[in-house]
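# Close look at the chain arrangement
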Amino acid sequence: MKNKIRLYLFLVVIGLCSVPSAQAQYRKGDLLLNVGVGEGIHSNRLVPHVSFEYGFGKYFSAGVQTDIYTYRVWNDNRVYTAMPASLRGSYHYGKHFVKNRSLDLYAGAAVGYQSIREKEYWNPRPHIGRYGDKVSVGLYAGVKYYVRPKFGFFAEVGHNISWLKAGVAWKF
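Residues numbered from 1 in each chain as written. Predicted model: local features only at pLDDT ≥ 70, side-chain atom pairs only at ≥ 80, totals over all residues. Heavy atoms only, no water.

## Digging into the pattern of salt bridges
For the structure on display, the rule yields 3 salt bridges. Between aspartate 30 and lysine 171 there is a salt bridge; the shortest N-O distance is 3.8 Å. With a gap of 141 residues between them, aspartate 30 in the loop between helix H1 (2-16) and strand S1 (31-39) and lysine 171 in strand S10 (residues 164-171) connect regions that are remote in the sequence. Comparing aspartate 30 with lysine 171 shows no difference in burial state: the two are buried. When the shortest N-O distance is used, the salt bridge between glutamate 53 and arginine 88 registers 3.0 Å. With a gap of 35 residues between them, glutamate 53 in strand S2 (residues 46-55) and arginine 88 in strand S5 (residues 78-91) connect regions that are remote in the sequence. (Salt bridge = Lys/Arg side-chain N within 4 Å of Asp/Glu carboxyl O. Helix = DSSP H or I, 4+ residues; strand = E, 2+ residues; numbered from the N terminus. Buried < 20%, exposed > 50% of the residue type's maximum accessible area, 1.4 Å probe, protein only.)

## Structural notes on the environment of valine 35
As for its placement among the helices and strands, valine 35 is situated in strand S1. Put simply, valine 35 and valine 50 are 15 residues apart on the chain and 4.7 Å apart in space, counted from C-alpha to C-alpha.

## Remarks on the packing of aromatic side chains
Inspection of the entire model under this criterion finds 7 aromatic pairs. Here tyrosine 106 and tyrosine 140 contribute two aromatic rings whose centre-to-centre distance is 6.5 Å and whose plane-to-plane angle is 65 degrees, an arrangement assigned as edge-to-face. Residue tyrosine 106 is found in strand S6 (residues 103-120), and its partner tyrosine 140 is found in strand S8 (residues 134-148); the two are separated by 34 residues along the sequence. Given the relative accessible area of 1%, tyrosine 106 is considered buried. With a relative accessible area of 4%, tyrosine 140 lands in the buried category. (Phe/Tyr/Trp six-rings, centres within 6.5 Å; stacked < 30°, edge-to-face > 60°.)

## Things to note about the pairing of S1
Where burial is concerned, the two faces of S1 differ: the one with Leu32, Asn34, Gly36 and Gly38 is buried and the one with Leu31, Leu33, Val35, Val37 and Glu39 is not. Where S1 meets S2, 9 bridges bridge the pair, whose relative direction is antiparallel. By the bridge assignment, asparagine 34 is partnered in S2 with serine 51. By the bridge criterion, 7 bridges tie S1 to S10 in an arrangement that is antiparallel. Looking at S10, one finds that glycine 38 is bridged to lysine 165. (Pairing = 2+ DSSP bridges.)

## What to know about the pairing of S8
As defined by bridge partners, S6 adjoins S8 across 12 bridges and the pair is classed as antiparallel. Residue pairing across strands places glycine 108 opposite tyrosine 140, the latter belonging to S8. Bridge count for S8 against strand S9 (residues 151-158) is 8 bridges, and the pairing is antiparallel. Of the residues in S9, the one forming a bridge with arginine 148 is phenylalanine 151. Hairpin connection between S8 and S9: a loop of 2 residues separates the two successive antiparallel strands.

## Things to note about the confidence of the model for the protein chain
On average, residues of the protein chain carry a pLDDT of 79, and 73% of them reach 70 or more. The weakest mean pLDDT in the protein chain belongs to H1 at 51; the strongest belongs to S9 at 94. (pLDDT = per-residue confidence, 0-100.)

## With respect to a nonpolar patch on the surface
Together, Phe52, Val64, Leu87, Val111, Tyr113, Val135 and Val137 line one region of the surface with nonpolar side chains, adding up to about 670 Å² of accessible area. The set of elements that each furnish at least two residues to the nonpolar patch consists of S6 and S8. Owing to a relative accessible area of 44%, valine 64 belongs among the partly exposed residues under this scheme. (Patch = residues over 30% accessible without salt bridge, like charges linked within 9 Å, V, L, I, M, F, W, Y side chains within 5 Å. Areas by Shrake-Rupley, 256 points an atom, 1.4 Å probe, with all protein chains shown as cover.)

## Topic: the environment of glycine 132
Summarising the element assignment, glycine 132 is placed in the loop between strand S7 (128-130) and S8. By relative accessible area, which is 28% here, glycine 132 ends up partly exposed. Remark: the alpha-carbon pair of glycine 132 and glutamate 118, spanning 14 residues in sequence, is separated by 9.0 Å. Not counting residues within four places of it along the chain, the set of residues in contact with glycine 132 comprises Gln114 and Ile116. (Contact = heavy atoms within 4.5 Å.)

Set out below in structure tokens:
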């Protein structure tokens, strides 16, 4: 837990030291990176989250995202690891009515493949196998607040292993 706190403090310091630009709200050509954690589906564990998008239009961006989630079912000697990899597309609608240039509101859809691995620990020869790989499709909505033109914080609700995510956001 201390290492996670140190990592977040490091990321915050790096972001606050970034060089300012003219405006913070989303623009065509922006490279957007989100790094954070989410709430796990099967337990209260934190799930690491990373997403990257490129702004190809005045209101649209597209990219990739992934989470990694490992959990153990109570009273079971199996450990499951889920790792979805998704393509995502976002519509940045906040530019239509939000006057605050530090605020970016967006919503989008994601489609990808979720790989789930199972490992048994009770067996002298542990079984490692696939448990339920599947195609994943979902919707999400989010908000970014930039404290610096190239650094801010984000929160998302919706698609993937975790239904709620929060973390730091960079714009390059």
